[in-house]
Amino acid sequence: MDAIRKQATKLREQVAKQQQAVLKQFGGGGYGNSDNVVTDEAELHQHQKLEKLYISTRASKHFQRDIVRGVEGYIVTGSKQVEIGNKLSDDSRKYGVENTCTSGTTLSKAALCFGRARSQMEKERGNLLKALGTQVAEPLRAMVMGAPLEDARHLAQRYDRMRQEAEAQAIEVSKRQMKVRETPGNVDNNLKLEAAESKLEDLKSNMTVLGKEAVSAMTAVESQQQRLTLQRLIAMVESERTYHQRILQILDQLEAEMVSERQRIEASPIPVVEDPMPPPPSYEEVNGVYSSHTVDGSTDAMGYFLGEVIHSYQAESDVELNLSVGDYVVIRKVAGNGWAEGECKGKAGWFPFGYIERRERVLASKIAEVF
């Protein structure tokens, strides 16, 4: 009979161990292992809430860490871009100062404007990177590694271990109760049962207190995580928005300066002459020239030559000739006062001689355009 009882006790212990192993396996991952019947409804609700808080704060921690990693990567890449942009700015300013082009200083001025604007833009980028580091990455990193989160997690883990201990003690109480039923009147078994039940009650009491502390700490951490993370995201958006607005202002100003310079050089320039140019010959003189087609009093057509227009000219009277850059003109007479008379596109008239350059060879298609 004793052998049967020992075998039955051994089987019950094995079943209890298997039950505990199953509870640990399927009770959940990371935090919390089971919802054993040793707990009342209030404690079960507290345990479930703590599980949700643990999962929520863990997810927030990972999100904060992802933001920090992203911002740090952006800062590293941005710092390299600042370095490259500053080098481009220095090269542009150097060209603008040292350029010795003989045809004008337009590109030099544009290079100086570009270099100055590029320097301003890289300064703004540097300010953005600094703001992202101090206003976003550092606060979030401090919270990820901070004491409040770690302390709250330790409380939750201590509660979980105590809960598992209480569950194991509840199984021990069940075993002692079965032994008492099997051997009624056994004083030793009764004493062991009372000790086991007392220990279980202490564990449950301590577990309730520790659970409340863990829930309170985890709730505070969750609230702080939600609030701080949102604030840092807003700060990041505001910093980038301010940066792009400032960059747009710099680019608008730079574009206006460069377009103005381009328009200035595309406008018709006024030739520089030592003495004021006199007006073109009189109407009678013009009619005489047109009617005789002479060059310096000669009717020899071999004295004519071709010239290419290098500056546009707008006629101011009926005896003058409109010129566009790239046109070809048959010059028939050059006066001593800086004016020349010729024919272009079927029209004849006077124009400043300094607006054309003589050409020895011209494509046949261009000669056809003259007439």
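Residues numbered from 1 in each chain as written. Predicted model: local features only at pLDDT ≥ 70, side-chain atom pairs only at ≥ 80, totals over all residues. Heavy atoms only, no water.

(A) Here's a closer look at the overall build of the protein. Counting its secondary structure elements, the protein contains seven helices and five strands. Helices (α) and strands (β) of the protein occur, in sequence order from the N terminus, as α-α-α-α-α-α-β-β-β-β-β-α. Taking all contacts inside the protein whose residues are at least 6 apart in sequence as the whole, residues at least 24 apart take part in 70%. Element-wise, carbon and sulfur atoms account for 54% of the exposed surface of the protein, whose accessible area totals about 22,700 Å². (Helix = DSSP H or I, 4+ residues; strand = E, 2+ residues; numbered from the N terminus. Contact = heavy atoms within 4.5 Å. Areas by Shrake-Rupley, 256 points an atom, 1.4 Å probe, with all protein chains shown as cover.)

(B) Just the pattern of salt bridges, in detail. The final tally for this structure, using the stated rule, is 19 salt bridges. One salt bridge connects K175 with E172, and the closest N-O pair in it is separated by 3.5 Å. Residue K175 and its partner E172 are located together in helix α4 (residues 147-182), separated by three residues, close to a single helical turn. (Salt bridge = Lys/Arg side-chain N within 4 Å of Asp/Glu carboxyl O.)

(C) Seen up close, the sheet that holds strand β2 (residues 328-334). Spatially, five strands are ordered β4-β3-β2-β1-β5 in an open sheet, and the strand pairing comes out antiparallel. The sheet terminates laterally at β4 (347-352) and β5 (356-359), the two strands that pair on one side only. For this sheet the average axis-to-axis angle between neighbouring strands, irrespective of direction, equals 45°. (Pairing = 2+ DSSP bridges. Axes fitted to C-alpha atoms, helices over the stretch in contact; angles between N-to-C directions.)

(D) Fine view of unusual backbone geometry. Even without being a glycine, K345 presents a positive backbone phi close to 55°. On the secondary structure map, K345 appears in the loop between β3 (339-344) and β4.

(E) Inspection of the packing of aromatic side chains at higher detail. Following the criterion strictly, the structure yields two aromatic pairs and no others. A centroid spacing of 6.3 Å and a plane angle of 80° characterise the contact between Y313 and W339, whose relative ring orientation is edge-to-face. Pair noted here: Y313 is in the loop between β1 (305-309) and β2 and W339 is in strand β3, with a separation of 26 residues, a long-range link. The burial state of Y313 is the same as that of W339; both residues are buried. Ring centres 5.5 Å apart and planes at 80° place the aromatic pair Y313 and Y355 in the edge-to-face group. (Phe/Tyr/Trp six-rings, centres within 6.5 Å; stacked < 30°, edge-to-face > 60°. Buried < 20%, exposed > 50% of the residue type's maximum accessible area, 1.4 Å probe, protein only.)

(F) Quick look at helix α5 (residues 187-266). For α5, spanning 80 residues, the distance from its first C-alpha to its last is 115 Å, which sits close to the expected 118 Å at 1.5 Å a residue. For α5, the side-chain oxygen to backbone nitrogen distance between the N-cap and D188 is 3.0 Å, and the N-cap itself is N186. (Expected span 1.5 Å × (residues − 1). Polar contact = N/O pair within 3.5 Å; in protein donor to acceptor, adjacent residues only side chain to side chain.)

(G) Layout of the packing of helix α2 (residues 41-98) against α5. Two numbers describe how α2 lies on α5: the axes approach to 9 Å, and their chain directions differ by 30°. On the basis of the axis angle, α2 is roughly parallel to α5. As α2 runs across α5, the sense of the crossing is left-handed. (Parallel < 35°, antiparallel > 145°, perpendicular 65-115°, else oblique. Left-handed = near helix turned anticlockwise from the far one by under 90°.)

(H) Local environment of the nonpolar core. Within the largest apolar cluster, 23 residues are counted, with the highest numbers of intra-cluster contacts made by L50 and M218. Put simply, the parts of the chain that give this core at least two residues each are α2, α4 and α5. Beyond its immediate stretch of four places on either side in the chain, M218 contacts L50, L53, Y54, T57, A152 and R153. Of all hydrophobic cores here, the second largest spans 18 residues; its members include I67, L128, L140 and L228. (Core = buried A, V, L, I, M, F, W, Y, C linked by side-chain atoms within 4.5 Å.)

(I) Main features of a negative patch on the surface. On the surface, a cluster of negative charge is contributed by E194, E197, E201 and D202. Among the structural elements, E197 can be located in helix α5. (Patch = residues over 30% accessible without salt bridge, like charges linked within 9 Å, V, L, I, M, F, W, Y side chains within 5 Å. Lys, Arg positive; Asp, Glu negative; His and termini not counted. Charge placed at Lys NZ, Arg CZ, Asp CG, Glu CD.)

(J) Fine view of the pairing of β3. β3 sits mainly inside the fold: six of its six residues count as buried. Burial along β3 is two-sided: W339, E341 and E343 facing one way and A340, G342 and C344 facing the other are all buried. When β2 meets β3, the two strands line up antiparallel, connected through four bridges. Directly across from K333, in β3, lies its bridge partner E341. As consecutive antiparallel partners, β2 and β3 are separated by four residues, and within that stretch G338 has a phi angle of approximately 95°, a positive value. Between β3 and β4, which pair antiparallel in sequence order, lie two residues; one of them, K345, sits at a positive phi of approximately 55°.

(K) Structural view of the confidence of the model for the protein. Looking at the protein, pLDDT values average 81 and 77% of them are 70 or higher. Averaged pLDDT values over the elements of the protein bottom out at 46 in helix α6 (residues 283-292) and peak at 94 in helix α3 (residues 106-144). Throughout residues 22-30 the model reports pLDDT below 50, and contacts reaching past four residues in sequence, or to other chains, amount to 13 contacts. Considering only residues more than four positions removed or in separate chains, one finds that residues 33-37, a stretch of pLDDT under 50, has 20 contacts. (pLDDT = per-residue confidence, 0-100.)

(L) Quick look at the packing of α2 against α3. Between α2 and α3, whose axes approach to 8 Å, the crossing angle comes to 165°. Here α2 lies roughly antiparallel to α3, going by the angle between them. Handedness of the crossing formed by α2 with α3: left-handed. Of the residues in the contact of α2 with α3, the class split is 21 nonpolar, 14 polar and eight charged. (Nonpolar A, V, L, I, M, F, W, Y, C, P; charged D, E, K, R; others polar.)

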